[in-house]
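Listed here are the chains, written in short residue letters.
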Amino acid sequence: MGSIYDHSEIYDLMEDENRYNAYKKHWEHLFEGRTIKTMLDISIGSGSVTLPVLDLGMSLCGSDLSENMLKSCEKKISDKGFSAELKIADFRDLSCWGGRKFDVVASTGNALAYVSNDDVRHVLEEMDKHVEKGGYIYIDTRNWDKILKERNRFYLYDPFFVNGDRVNFLQVWDYNPDGSMTFNLLYTFEKDLKIYKKEKFEEHYNPLPKSLILDKLSALGYTDIHLFGFPSYAPKRPFEDTEWYTILAKKN
Ligand SMILES: C[S@@+](CC[C@H](N)C(=O)[O-])C[C@H]1O[C@@H](n2cnc3c(N)ncnc32)[C@H](O)[C@@H]1O
């Protein structure tokens, strides 16, 4: 079974104008009252979460492991009449960005859990190298603490429609004996009440505790650390009930 990122056209099916506007509102809310003009996203993928910052007048650079996702990102950027610098890179080594510094260095879309917990500590050091003094590290991620506590196996999305066809999307989560997790992504495509196509993908994760991120950011000297829901403007809920959350931490 392959990775969904080799099929950005399927990954992006859920994206529409409403989601774009929701992400735009997310960034507006998060950056309000903060001086942020430049951003590097180290897991930009096809850009669905990040590209609205271009509408906010920010300059954007992005890297990702998947060439395919970056191609889709590039197309979306040029379709909107914007430009951004994109590079293929594993976020465990950000040397492709040289000594450049940004107001925000972000990892969007639950990407850090793709690498081991030890590697995440190293990635945060790599991110820190590229943050301007007074700038920020941004992370949005699934709430892995909640996932491990509840051990649910099934995560269902609302069906959605693409050109009149109904798309059903279900994730089945395996809890592996070594502590890692496998997300099985199951898509069915339906027309006239008949399924005409099925797609399956497998993604491997290493559950990432919130405490690891917060401890490492503190060790790196970040003191002003804020936790939001995702999107950031969502009504505040207890952390245990939050499915996905955002961290914004300021570098002293
Ligand atoms: C769920 S997608 C999120 C993409 C995008 N940020 C978004 O929110 O739509 C996760 C992304 O992480 C990328 N990724 C996974 N492991 C990576 C690594 N070691 N270095 C860089 N990118 C990685 C994948 O290629 C994929 O594009």
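Residues numbered from 1 in each chain as written. Predicted model: local features only at pLDDT ≥ 70, side-chain atom pairs only at ≥ 80, totals over all residues.

Participant: Can you help me understand the sheet that holds strand β11 (residues 222-229) in this one?
Facilitator: Within a sheet, each strand pairs with its neighbour through backbone hydrogen bonds, oriented either parallel or antiparallel. Spatially, the 7 strands line up as an open sheet ordered β3-β2-β1-β4-β5-β12-β11, and their pairing is mixed. At either end of the open sheet lies a strand with only one pairing partner, and these are β3 (85-88) and β11. On average, adjacent strands in this sheet sit at an angle of 15 degrees to one another, irrespective of strand direction. Contacts from helix α4 (residues 67-79) reach β2 (59-64) and β3, with the element oriented near 170 degrees to β3. (Pairing = 2+ DSSP bridges. Helix = DSSP H or I, 4+ residues; strand = E, 2+ residues; numbered from the N terminus. Axes fitted to C-alpha atoms, helices over the stretch in contact; angles between N-to-C directions. Contact = placed C-beta atoms within 7 Å.)

Participant: What exactly am I supposed to notice about the nonpolar core here?
Facilitator: As a rule of thumb, soluble globular proteins bury nonpolar side chains together. Judged by nonpolar contacts, the single largest core of 47 residues is most densely connected at Val104, Val105 and Ile137. The element best represented in this core is strand β5 (residues 131-142), accounting for 5 residues. Residues contacting Val104, with those up to four places away along its chain left out, are Ile36, Met39, Gly135, Tyr136 and Tyr138. (Core = buried A, V, L, I, M, F, W, Y, C linked by C-beta atoms within 7 Å. Buried ≥ 20, exposed ≤ 12 C-beta atoms within 10 Å, placed from the backbone.)

Participant: Is there a simple way to think about the domain arrangement of the protein chain in this case?
Facilitator: When the parts of a complex come together, some accessible area is lost, and that lost area is often taken as the interface size. Each assigned domain of the protein chain is listed here: domain 1 (4-145 + 208-251) and domain 2 (146-205). A separation of 23 Å is found between the C-alpha centroids of domain 1 and domain 2. Across the contact, 12 residues belong to domain 1 and 13 residues belong to domain 2. (Domains from an automatic or database assignment.)

Participant: When you look at the site of the ligand in this model, what are you seeing that I'm missing?
Facilitator: The local shell around the ligand holds 20 residues, among which Gly45, Val49, Ser66, Gly109 and Ala111 are the closest. Looking at the shell around the ligand, its residues break down into 9 nonpolar, 8 polar and 3 charged. (Near = placed C-beta within 6 Å. Nonpolar A, V, L, I, M, F, W, Y, C, P; charged D, E, K, R; others polar.)

Participant: Hey, could you run me through unusual backbone geometry in this one?
Facilitator: Among all residues except glycine, the phi angle is most often negative; among peptide bonds, the trans geometry is most common. For the bond running from Phe230 to Pro231, omega is 0 degrees, close enough to zero to count as cis. Locating Pro231 in the fold gives a position in the loop between β11 and β12 (244-251). With a phi close to 60 degrees, Asn110 is a non-glycine residue in the positive phi region. Note on placement: Asn110 falls in the loop between β4 (102-107) and α5 (117-129). Non-glycine residue Asn163 carries a positive phi angle of around 50 degrees. Mapped onto the fold, Asn163 is located in the loop between β7 (160-162) and β8 (165-175).

Participant: Is there a simple way to explain the pairing of strand β10 (residues 194-205) in this structure?
Facilitator: Burial runs low along β10: only 1 of the 12 residues are buried. Across 11 bridges, strand β9 (residues 181-191) lies against β10 in antiparallel orientation. Considered in β10, the bridge of Glu190 is made with Ile195. Counting the residues that bridge the hairpin from β9 to β10 gives 2 residues, and of these Asp192 lies at a positive phi of roughly 45 degrees.

Participant: Please explain α4 as it appears in this structure.
Facilitator: In an α-helix there are 3.6 residues to a turn, and that puts residues three or four apart on one side. Its 13 residues place the ends of α4 18 Å apart at the C-alpha level, agreeing with the 18 Å of an ideal helix rising 1.5 Å per residue. Structurally, α4 contributes buried residues whose contacts are with α1 (8-11), β2 and β3. Gly81 sits one or two residues past α4 and shows a positive phi near 80 degrees. (Expected span 1.5 Å × (residues − 1).)

Participant: What is the right way to read helix α2 (residues 17-31) from this model?
Facilitator: The terminal C-alpha atoms of α2 lie 21 Å apart, and with 15 residues this matches the ideal 21 Å at 1.5 Å per residue to within 8%. Of the positions making up α2, those classed as buried are Tyr23, His26, Trp27, Leu30 and Phe31. Here the buried residues of α2 occupy an arc of 110 degrees about the axis, which is enough to place them on one side. α2 presents Glu17, Asn18 and Asn21 as exposed residues on the side facing more than 90 degrees away from its buried surface. Buried residues in α2 make contact with α3 (52-55), β11 and β12. Of the residues flanking the end of α2, it is Gly33, one or two places downstream, whose phi is positive at about 80 degrees. (Arc of directions from axis to C-beta.)

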